[in-house]
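Structural features, examined
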Amino acid sequence: MKILNRYLNLELAIPIFWVMIGIIGILSFFDFIQEINDLGKGTYNMLTIFSYVALSIPGHVYEIVPIAVLIGSMYTMGQLSENSELTVIRSSGFSIKRIAYTLSLTGLFFTLFTFAVGDLVTPITEKKAQQIKITSKDAIVSQEFKSGLWIKDNNSFINIEHVLPDSSLSEIHIYEFDKTFRLRTITNAKKGSFKNSEWKLDDINQTIFDKDKVSTNSLKSAIWKSLIKPEMMNVLLVSPEKMSSINLINFIKYLKNNKQKVTRYEVALWGKLIYPLASIVMVLFAIPFGFFQERSGGKNLKIFLGILIGIFYQIMNSSFRYIGLLNDWQPLACAIIPTLIFFSVGMVMIYKIEHQ
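Residues numbered from 1 in each chain as written. Predicted model: local features only at pLDDT ≥ 70, side-chain atom pairs only at ≥ 80, totals over all residues. Heavy atoms only, no water.

Observations regarding the overall build of the chain
Scanning the chain from terminus to terminus reveals ten helices and six strands. Relative to the compact-globule value of 21 Å for 356 residues, the chain shows a C-alpha radius of gyration of 26 Å, a clear excess of over 25%. A total of 356 residues make up the chain; the buried ones form 47% of that total. For the chain, restricting intrachain contacts to residue pairs at least 6 apart in sequence, the fraction spanning at least 24 positions comes to 62%. Accessible area for the chain stands at about 19000 Å²; split by element, carbon and sulfur atoms hold 62% of it. Here the chain contributes 36 positively and 28 negatively charged side chains, and the mean placements of these two sets differ by 4 Å. (Helix = DSSP H or I, 4+ residues; strand = E, 2+ residues; numbered from the N terminus. Rg over C-alpha atoms; globule rule 2.2 N^0.38 Å. Buried < 20%, exposed > 50% of the residue type's maximum accessible area, 1.4 Å probe, protein only. Contact = heavy atoms within 4.5 Å. Areas by Shrake-Rupley, 256 points an atom, 1.4 Å probe, with all protein chains shown as cover. Lys, Arg positive; Asp, Glu negative; His and termini not counted. Charge placed at Lys NZ, Arg CZ, Asp CG, Glu CD.)

Put into structure tokens, the structure is as follows:
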């Protein structure tokens, strides 16, 4: 039985890896074609483009693993069915449930692999890729408003006109209010950098409002104590879906402390936890297709079905996420419903075939 278990998991894992490599190759090619349009802007040369494309690969891996698992599983089940191996395996005493349990070990491996890539590798490589691109093109990080980035920090409202790729700041405006929301000070600084766990501001002009008196002050540099950390600027470089779980949790806490909406980031956090489980679900979903029309269609039809179903899953995942954000659904529901639907359908099909 151990030999059969190893054989089944090996037969499943190898096609999944090949499908993954093929999809990543296609996506990287499209990335290259898209970036070639910016060739020559600043110092954005071919070497920089190749670096950017290479650093974008882990992000693609995280996104396509469940699809690769589904297509590879459909291919494997088609191959086993076409060679009548499934019939022999069942005749030897292996139930469909036993086959599903055995192959789910491969699904578990790709679940852990997806989580590791998405939580440990992608946040770093994605940030580095964006930094290389922005620095080479002599650009700045995109902002939410034309006036720059606005952040609430306790009783202060902060306007940062430019966030540079190294998370340093330029043209900073701090509007500090008292507990009754009366304006106390306006601080303008040319530059800001984070050193030794605190912000250092340079070229500062400060206006102080004290009852009926207004005074001004100029400083060459000063320390600015704030809850804002450079890691929070990662949200400008890396989309919430590609941030690490820890950074998402910290950013959500920061937003909650400042009474700001956190739905998008909570959906992204739950997605980070739920999405890797799709690999196990896709294996279970694909298994019944090996027992449908065993003598017709074959593996080619099942590969085609796998591609269609994988695309449908990704569309459903994105749709639930955006519809949930628009309608303010529970973040857990937005993240789990598509995967739960596929899991339920797969289990129902396994049950029906088992009891035919």
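Here's the deal with the environment of I323
Structurally, the position occupied by I323 is in helix 9 (residues 298–327). Through-space distance from the C-alpha of I323 to that of C334 is 8.3 Å; in sequence the pair is eleven residues apart.

Points about helix 6 (residues 245–257)
Over its 13 residues, helix 6 extends 18 Å from the first C-alpha to the last, a length consistent with the 18 Å expected when each residue adds 1.5 Å. Every buried residue of helix 6 is listed here: S245, L248, F251, I252, Y254 and L255. (Expected span 1.5 Å × (residues − 1).)

Comments concerning helix 7 (residues 263–274)
Under the 1.5 Å per step criterion, the end-to-end length of helix 7 is 16 Å for twelve residues, consistent within 8% with the ideal 16 Å. With nine of its twelve residues buried, helix 7 lies for the most part within the structure. The set of residues buried in helix 7 consists of T263, Y265, E266, V267, A268, L269, G271, K272 and I274.

Concerning the nonpolar core
Of all hydrophobic cores here, the largest spans 47 residues; its most connected members are M20, L103, I287, F291 and F342. In contact with M20, other than residues within four places in its own chain, are V61, I64, V65, A68, F110 and F113. Ranked by size, the runner-up nonpolar core spans 25 residues in total, among them L149, L201, V238 and L248. (Core = buried A, V, L, I, M, F, W, Y, C linked by side-chain atoms within 4.5 Å.)

Regarding the pattern of salt bridges
Counted according to the given criterion, the structure contains seven salt bridges. A salt bridge links K256 to E266; the shortest N-O distance between them is 3.3 Å. Placement of K256 in helix 6 and of E266 in helix 7 is noted, with a sequence separation of ten residues between them. Using a relative accessible area of 48% as the deciding quantity, one classes K256 as partly exposed. Overlapping salt bridges bring together E63, E126 and K242 as one network. (Salt bridge = Lys/Arg side-chain N within 4 Å of Asp/Glu carboxyl O.)

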